[in-house]
Amino acid sequence: MKNRIKLNDIAAQIERLNIELGRKAYDYSQFGQSYSLDSNGNASGRFESIAIFNSKRALYDALTLSLAIIDRIQRKRDLEQFLSNPKDWSH
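These numbers come from a predicted model, not from an experiment.

With respect to the nonpolar core
Counting residues in hydrophobic clusters, the biggest one holds 10 residues: Ile5, Ile10, Ile14, Leu17, Tyr35, Leu37, Phe53, Leu59, Leu63 and Leu67. Among the secondary structure elements, those contributing two or more residues to this core are α1 (7–21), β2 (34–39) and α2 (56–84). Discounting residues that sit within four places of it in the chain, Leu17 has contacts with Tyr26, Leu63, Ser66, Leu67 and Ile70.

Take a look at the structure:
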């Protein structure tokens, strides 16, 4: 049996994603049984829906995937930086 995803789990993933991006770029909202991933990437600064999910699990999994991709990109950049100049490695 899968663990049930709670809204606190989604909020924690959103917070991690915003920390990785260095700004409050994402939030979520709920409309009945649907969950919306919202972004403030527009010029007005208002949060607007960019994706709709039919379950908390689907939204949570999308956020988890996003964080994994960001982590992989960062590790690749760190490796490239290290290989280009290992003496200046300060991480």
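Some points on the pairing of β2
In terms of burial, β2 is a largely internal element, five of the six residues being buried. Of the strand pairs in this sheet, strand β1 (residues 26–31) and β2 are connected by six bridges, and their pairing is antiparallel. Paired with Asp27 across the bridge in β2 is Asp38. Bridging between β2 and strand β3 (residues 48–53) involves five bridges; their strand directions are antiparallel. Paired with Ser36 across the two strands is Ile52, which belongs to β3.

Reading the values: the criteria
- Residues numbered from 1 in each chain as written.
- Predicted model: local features only at pLDDT ≥ 70, side-chain atom pairs only at ≥ 80, totals over all residues.
- Heavy atoms only, no water.
- Core = buried A, V, L, I, M, F, W, Y, C linked by side-chain atoms within 4.5 Å.
- Buried < 20%, exposed > 50% of the residue type's maximum accessible area, 1.4 Å probe, protein only.
- Helix = DSSP H or I, 4+ residues; strand = E, 2+ residues; numbered from the N terminus.
- Contact = heavy atoms within 4.5 Å.
- Pairing = 2+ DSSP bridges.

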